[in-house]
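Examining the three-dimensional arrangement
Single-letter residue listing:
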Amino acid sequence: MGSPPYGFLRKNIRFFKFFMVLFLSCFCYKTNLCSKLPPASQSSLNLETPAGFLSLEKLHIDGYFSFVDVDFAASDFGNMSHKLPLAILYPQSVLDISTTIKLIFGLGTYTELTVAARGHGHSLHGQAQASRGVVINMESLREPEMKVYTGKPPYVDVSGGELWINVLNETLKYGLAPKSWTDYLHLTIGGTLSNAGISGQAFRHGPQINNVYQLEVVTGKGDIVTCSEKHHADLFYAVLGGLGQFGIITRARIALEPAPQLVKVIRALYPNFSSFAKDEEELISLKDAFDYIEGFALVNRTDLLKDTSFNPDELLQASQSSYDGRTLYRLEVAAYFNADDRDATDEKINSLLPGLNYIPSTLDISEVSYLEFLERVHDSETQLRKQGLWEVPHPWLCLLIPKSKIHIFTEEVFGNILESNNNGPILIYPVNKFKWIKNTSLVTPDEDEIYLVSLLPSAVPSLAETDGLNRILAQNKRILEFCETAQLGVKQYLGRHSSQPDWQAHFGNGWEVFKTRKLTYDPLAILAPGHGIFQKGIPIY
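Residues numbered from 1 in each chain as written. Predicted model: local features only at pLDDT ≥ 70, side-chain atom pairs only at ≥ 80, totals over all residues. Heavy atoms only, no water.

Right, let's talk about the overall build of the chain for a bit. Counting its regular elements, the chain contains 17 helices and 18 strands. In the chain, which comprises 541 residues, the share counted as buried stands at 54%. Relative to all contacts within the chain whose residues are 6 or more apart in sequence, the contacts with residues 24 or more apart total 75%. Here the chain displays about 24900 Å² of accessible surface, and carbon together with sulfur accounts for 52% of that area. (Helix = DSSP H or I, 4+ residues; strand = E, 2+ residues; numbered from the N terminus. Buried < 20%, exposed > 50% of the residue type's maximum accessible area, 1.4 Å probe, protein only. Contact = heavy atoms within 4.5 Å. Areas by Shrake-Rupley, 256 points an atom, 1.4 Å probe, with all protein chains shown as cover.)

With that settled, consider the pattern of salt bridges. All told, the structure shown has 19 salt bridges when counted by the stated rule. Taking the shortest distance from any N to any O, the salt bridge between Arg 142 and Glu 139 comes out at 2.4 Å. For Arg 142, a relative accessible area of 32% gives the class partly exposed. In this structure, Arg 330 and Glu 332 form a salt bridge, with 3.9 Å as the shortest nitrogen-oxygen distance. (Salt bridge = Lys/Arg side-chain N within 4 Å of Asp/Glu carboxyl O.)

Residues Ala 87 and Leu 89 of strand β2 (residues 87-90) are buried on one face, and the alternating residues Ile 88 and Tyr 90, pointing to the opposite face, are buried as well. Across three bridges, strand β1 (residues 64-66) lies against β2 in antiparallel orientation. Its bridge partner lying in β2, Phe 65 is registered against Leu 89. Relative to strand β4 (residues 134-137), β2 runs parallel, the two being bridged by three bridges. Bridge assignment links Ala 87 to a residue of β4, and that residue is Val 134. (Pairing = 2+ DSSP bridges.)

Another point: the sheet that holds β2. Read across the open sheet, the four strands follow the order β1-β2-β4-β3; overall the sheet is mixed. At either margin of the open sheet sits one strand with a lone partner, and together these are β1 and β3 (115-118). Here the average twist between neighbouring strands, direction ignored, is 25 degrees. (Axes fitted to C-alpha atoms, helices over the stretch in contact; angles between N-to-C directions.)

Another point: the nonpolar core. If you look at the biggest cluster of nonpolar residues, it comprises 72 residues, and the most contacted ones within it are Leu 193, Ile 198, Leu 215, Ile 254 and Tyr 370. Residue contributions to this core peak at five residues, all from helix α8 (residues 233-239). Among all residues touching Leu 193, those that are not within four sequence positions of it are Trp 164, Gln 208, Ile 209, Val 212, Leu 215, Val 239, Leu 240, Gly 241, Ile 249, Ala 252 and Ile 254. With 42 residues, the next largest nonpolar core counts Leu 356, Tyr 358, Leu 399 and Leu 418 among its residues. (Core = buried A, V, L, I, M, F, W, Y, C linked by side-chain atoms within 4.5 Å.)

Turning to the packing of helix α14 (residues 406-417) against helix α15 (residues 469-485), a few remarks are in order. It is at 11 Å that the axes of α14 and α15 come closest, and there the two elements cross at 150 degrees. Considering the angle they form, α14 stands roughly antiparallel to α15. α14 and α15 meet at a crossing whose hand is right-handed. Across from Ile 408, Phe 409, Glu 412, Val 413, Asn 416 and Ile 417 in α14, the residues of α15 making contact are Gln 475, Arg 478, Ile 479, Phe 482 and Cys 483. (Parallel < 35°, antiparallel > 145°, perpendicular 65-115°, else oblique. Left-handed = near helix turned anticlockwise from the far one by under 90°.)

Glancing now at the environment of Val 490. For Val 490, the location among the structural elements is in the loop between α15 and β18 (491-492). With 85 residues separating them along the chain, Val 490 and Lys 405 place their C-alpha atoms 8.9 Å apart.

Within the fold, Ser 194 resides in the loop between α6 (189-193) and α7 (202-205). Once residues lying within four places of it in the same chain are set aside, the contact partners of Ser 194 are Val 239, Gly 241, Gly 242, Leu 243, Gly 244 and Ile 249.

In terms of burial, strand β10 (residues 247-258) is largely enclosed, as nine of its 12 residues are buried. Bridge count between strand β6 (residues 155-159) and β10: five bridges; the pairing is antiparallel. Paired with Asp 157 across the two strands is Arg 253, which belongs to β10. Looking at chain direction, strand β8 (residues 212-219) and β10 are connected through seven bridges and run antiparallel. Looking across to β10, one finds that Gln 214 is bridged to Arg 253.

Moving on: the side chain of Lys 491. Tracing the backbone through its elements, the reader meets Lys 491 in strand β18. Asp 446 provides the closest opposite charge to the buried, salt-bridge-free Lys 491, at an N-O distance of 7.0 Å. From its side chain, Lys 491 meets the backbone oxygen of Ala 505 in a polar contact 3.3 Å long. Beyond its immediate sequence surroundings of up to four residues, Lys 491 is in contact with Cys 398, Leu 399, Leu 400, Val 443, Thr 444, Pro 445, Ala 505 and His 506. (Lys, Arg positive; Asp, Glu negative; His and termini not counted. Polar contact = N/O pair within 3.5 Å; in protein donor to acceptor, adjacent residues only side chain to side chain.)

Okay, helix α9 (residues 273-285) next. The terminal C-alpha atoms of α9 lie 18 Å apart, and with 13 residues this matches the ideal 18 Å at 1.5 Å per residue to within 8%. Among the residues making up α9, those that are buried are Phe 273, Ser 275, Phe 276, Ala 277, Asp 279, Glu 280, Glu 281, Leu 283 and Ile 284. Between a side-chain oxygen at the N-terminus of α9 and the backbone nitrogen of Ser 274 the separation is 3.4 Å; the capping residue is Asn 272. (Expected span 1.5 Å × (residues − 1).)

On to the environment of Phe 273, then. Locating Phe 273 in the fold gives a position in helix α9. For Phe 273, a relative accessible area of 7% translates into the label buried. Spatially, the C-alpha atom of Phe 273 lies 9.9 Å from that of Arg 330, the residues being 57 residues apart in sequence. Residues in contact with Phe 273, not counting those within four places in the same chain, are Tyr 329, Ile 406, His 407, Thr 410, Ile 428 and Tyr 451.

Here it is, written out as structure tokens:
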């Protein structure tokens, strides 16, 4: 017989393409091509369905895939990116995740399917989304019981999909707690360890990635690897702060320490940045001062004083000699202690306060339980939810700034660019990096002491559009442009760059290491597509 007429092939090329993809997908993974598909699957099939769809449908796992009700995975806390996945995996075991990734890896370039791990959905720019890919609901991986080891050193073994607040509640039963925290505890273990986990304890213990003994990771090839500083160390360091690019954290062994019972919280206002920064930098250098140190900028928002116990008239009168009338700074420090140590703690605080340069009339000291202190942000969330102000866009901008450049930054940004706090706090505080692990994927400025500056606005719709999303985004862009023009050496934290050249600039001298690790552990760029660092189908070079 002769070859089929060219016209016939041209008219039916789409059918042949679809049939070959279907055949390869089913053949490679022993799916049953003759099985009768459920109605939902039949209605999902069309010529635009990605290759591998049927393989996912027929995959034998302990959990399950959902191909409907996937809308929630197309949004996150940032509420600015909305990319609909093809399916959501609800794993019941680590093997479910491994099996899924192995399938997609085995299909190679026959499919555009990618995989994103989603924790509690608190990413800002769609980092946990996978357009027409698979989103893994990591919270489905939680286990009934955590394993708390009370020996020396103490630690807790916990699922990567577990929330930090649940870890705290469990370890407190043993009088223990993790060493380092984020300000908000309703985040997953895997989510914060994939970034860093920086908060007011970082000057003493480093970020959360500095306090991990061991990880279980599923790589972009589907391999399940247990890694630590001594075993598979390169993968261990790569995953910590690695933005999910090299593997999905399915289990972590977190360092613990004795948990305090109580916390003394000290707050005070400063009239200018110089005196505020001097005190913050001095406090983090002391060996035995406070356990938590953060600061806040109040830009052109004197109405915020009404929410405190301070008398605004008294405050302005006491500070008029040095207050510029625009920006105030608030120091917030905490001392952890047990009930038996109250007198010694008070004595320590009383010895430290006279050396600080705050406005005396603004000093406020309170006492709360350790749990209350760590849950302070969640309490604010509860109030915002009641007002319908939680699920709005959050165009946050988090920056790591060299100490040598922080005065230049504050003078321009707080003095000229920002008009207000834009319905959200502005955090500003220093951390020293001398205890930080240097081999992780986290990118920071080169100096040993840096500042974290986080602008945390909520874009609340209003007629005046004074706090509108576009306006805040334009303001953020202006800040970043200033940082680049002034060559401040700033690095974004929790951000998303728009192109691979921008990512290369972000990683700087570390780009080659980052790229080599990607080639080693996720060569097809299957994992974490939402960051936009690598794209499946485009060679990594």
